[in-house]
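Chains, contacts and geometry: an overview
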Amino acid sequence: MNGAAADTLALTGGEPVLGTLAPVDWPRTTDADRAAVLSVLDSNVLVSDRTGGPTAVERLERAWADYLGVRRCVGVSNGTTAIELALLAHGVGPGDEVVVPALTFVATAMAVVHVGATPRYADVDPVTFTMSARSLAAQITGRTKAVVPVHLHGLSADMEAIGDIARRHGCVVIEDAAQAQGARYRDTLCGASGNTATFSLQMTKNLPTCGEGGLVVTDDDGVADRIVQLRQFGETIRADRPRRYVSHRLGFNAKLSNVQAAYTASQLERFEEYHAARRSNVAAFLARLEHLDGLLCPAEPEGYEHAWHILRFVVDLGRLLPGVDTATARNLLIRALRAEGLPATRYQMMPVPEQPALRSICPQEPGSWPVTQDVVDRSFTLQQRHLPPDAGPLLQNFADVLEKVWSHLKVLAELAEGADR
Ligand SMILES: Cc1ncc(COP(=O)(O)O)c(C=O)c1O
C-alpha cells in the first residue's frame with residue numbers, strides 16, 4: 001500500500017491524491033491533423049455532394065471499409081443518423097418492432113422511434129453489460145424486424161448467440177458500434193462481419209472527428225446505395241455529371257462534411273498505435289485494482305478484444321457499506337473518489353426505457369430490466385481521460401485514488417450513517 005492511502009480522505013479535509021480533476025485531453029490533434037483540415041479548407045471542396053470527386057469523405061469511406069475489410073462504408077452526419085438511415089435502408093418503419101438493449105446511450109432507442117418503429121428492450125449481461133441473448137429471445141414478437149446489439153463501452157456484444165436468434169426469427173442485425181472502433185469478437189473487428197454496422201465519430205470516440213460525424217458499413221450494395229441517397233435528399237449524385245436535383249426517395253440532409261472526414265482520416269493513420277497503447281495502459285491499471293474487495297472491474301472475456309472506450313466499475317455496495325441504502329452509498333463513494341481527483345461519473349442514470357422521453361412509448365412493464373437497473377444503481381464509470389496513448393501514468397494515479405478510498409471505507413460508512421440520520 002502506498003503512502004497516500006494512509007492519509008485522511010480529501011472528502012473529510014485530507015490532501016487529495018490528484019490536485020484537481022484531470023482535464024480531458026482528447027482528441028489529440030497533431031500537426032498532421034491540422035494540415036489535413038487546412039488542405040480541405042484550401043481546396044474549397046467543403047461538402048460531400050460535390051461532383052468531380054474523390055472528396056475527403058470518399059477517401060475516409062474507402063479507408064474505413066479497407067480497415068474493416070468490408071465492401072462499403074457511407075459517411076453520415078453522426079452516429080444517431082447512421083442508425084436511423086441503416087434502419088430505413090433495411091425497410092424498418094411504422095408497425096415494426098426493433099429490439100435494443102436497455103443499457104445503452106439513449107440514441108440507440110431514439111433512432112428506432114424516429115423511423116416510426118417501436119423499441120423493445122432486452123436486458124443486459126451483468127458482466128459484459130451487452131445485450132443478453134436470452135432476454136433478446138424473450139422480446140421477439142411477430143412484429144420484430146430488426147435487432148440492434150450495442151457494443152457498449154467498446155466490448156462486442158455476443159454476436160454469435162444474437163445472430164442465431166435473429167436468423168431464426170428472420171430479423172436483420174444492425175450493430176451499434178458507436179463506441180467500439182477497433183474492438184474484436186472472435187478475431188473479427190466489430191463492424192466487419194458483413195452485417196450492417198454503425199459508428200459514431202463524435203469527438204469523444206476512440207476514432208474521433210473534430211466535432212460530429214458517423215459511418216455506416218455493410219457488405220450489402222443495396223443497403224449502402226439507399227443510405228447514399230437517404231443522406232442526400234433522396235438524390236443520386238454522380239461524379240461524372242452535373243447534379244440533377246431529382247429525389248428518388250424521401251431523404252434527409254445527413255451528409256458528413258469534408259473537414260470532418262479529413263480530420264478522421266488523419267486520425268486513422270495512428271489509430272492502431274493508440275488502440276494498442278490504450279490496451280496496455282488499461283490492462284496495467286486494472287491489474288492494480290484486482291485486490292480491491294467488492295470492486296468488479298470491467299471484463300474482457302476470452303475471445304473478445306475490448307476497445308476500452310468507457311471503463312465501468314460495479315461496486316458491491318452492500319458488502320462495502322453494509323446497512324446503507326444503495327443510492328446513498330454509491331453517491332458517497334463517487335463524491336469521495338472525485339474529491340481525490342478521480343473523475344468518476346455515472347453513465348446512464350436509468351435504464352433507457354425509463355428515460356422521460358421514452359417511458360410513455362415503451363410497450364413493456366417498468367422494471368423489466370433488473371440487471372440493467374442493478375448495474376446503473378451500483379456502478380460508476382471513467383471516461384475519456386484514459387484514451388490518449390500516454391495516459392498510463394494518470395491511470396496509475398487513478399489506481400492510487402481507488403486504493404486510498406478503499407482503505408478508508410470505515411470513514412465512509414460513518415459518514416453514510418451521519419447522512420442517513
Ligand atoms: C451506443 C451509442 N449509440 C449511438 C450514439 C450516437 O452517436 P452520435 O453522438 O454520433 O449521434 C452514441 C454516442 O455516444 C453511442 O454511444
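Details of the structure are given in the entry above.
A short tour of the structure in this document, coming up.

About the cut-offs
Residues numbered from 1 in each chain as written. Predicted model: local features only at pLDDT ≥ 70, side-chain atom pairs only at ≥ 80, totals over all residues. Heavy atoms only, no water. Helix = DSSP H or I, 4+ residues; strand = E, 2+ residues; numbered from the N terminus. Rg over C-alpha atoms; globule rule 2.2 N^0.38 Å. Contact = heavy atoms within 4.5 Å. Areas by Shrake-Rupley, 256 points an atom, 1.4 Å probe, with all protein chains shown as cover. Lys, Arg positive; Asp, Glu negative; His and termini not counted. Charge placed at Lys NZ, Arg CZ, Asp CG, Glu CD. Salt bridge = Lys/Arg side-chain N within 4 Å of Asp/Glu carboxyl O. Buried < 20%, exposed > 50% of the residue type's maximum accessible area, 1.4 Å probe, protein only. Pairing = 2+ DSSP bridges. Axes fitted to C-alpha atoms, helices over the stretch in contact; angles between N-to-C directions.

**So, the overall build of the chain**
Of regular secondary structure, the chain possesses 15 helices and 13 strands. For 421 residues, the compact-globule estimate of 2.2 N^0.38 gives 22 Å, and the C-alpha radius of gyration of the chain, at 23 Å, lies within 12% of that figure. Counting only contacts in the chain whose residues sit at least 6 apart along the sequence, the fraction spanning at least 24 positions is 71%. Only carbon and sulfur atoms are counted for the fraction: they give 51% of the accessible area of the chain, which is about 17,200 Å². The average position of the 40 basic charges and that of the 49 acidic charges among the side chains of the chain differ by 5 Å.

**A look at the pattern of salt bridges**
This structure, assessed with the given rule, holds 24 salt bridges. The residue Asp 390 makes a salt bridge to Arg 28 at a minimum N-O spacing of 3.1 Å. Here Arg 28 lies in the segment before α1 (31–43) and Asp 390 lies in the loop between β13 (379–383) and α14 (392–406), a separation of 362 residues in the sequence. Classification of Asp 390 as partly exposed rests on a relative accessible area of 48%. For Asp 164, the salt bridge identified is with Arg 167, shortest N-O distance 2.8 Å. Of this pair, Asp 164 and Arg 167 both sit in helix α6 (residues 159–168), three residues apart, which is roughly one turn of the helix. The exposure class assigned to Arg 167 is exposed, which follows from its relative accessible area of 62%. Within this structure, Arg 71, Arg 72, Asp 221 and Asp 225 form a network of salt bridges that share partners.

**Observations regarding the sheet that holds strand β10 (residues 295–296)**
Backbone hydrogen bonds are what pair the strands of a sheet, in a parallel or an antiparallel way. The strand order across the open sheet built from three strands is β10-β12-β13, with neighbouring strands paired in antiparallel fashion. Each edge of the sheet is formed by a strand with only one pairing partner; in this case those strands are β10 and β13. Where strand β12 (residues 310–315) and β13 come together, five bridges link them in antiparallel fashion. Paired with Phe 313 across the bridge in β13 is Phe 380. Contacts from helix α9 (residues 271–289) reach β10, β12 and β13 within the one sheet, and its direction differs from that of β12 by about 10 degrees.

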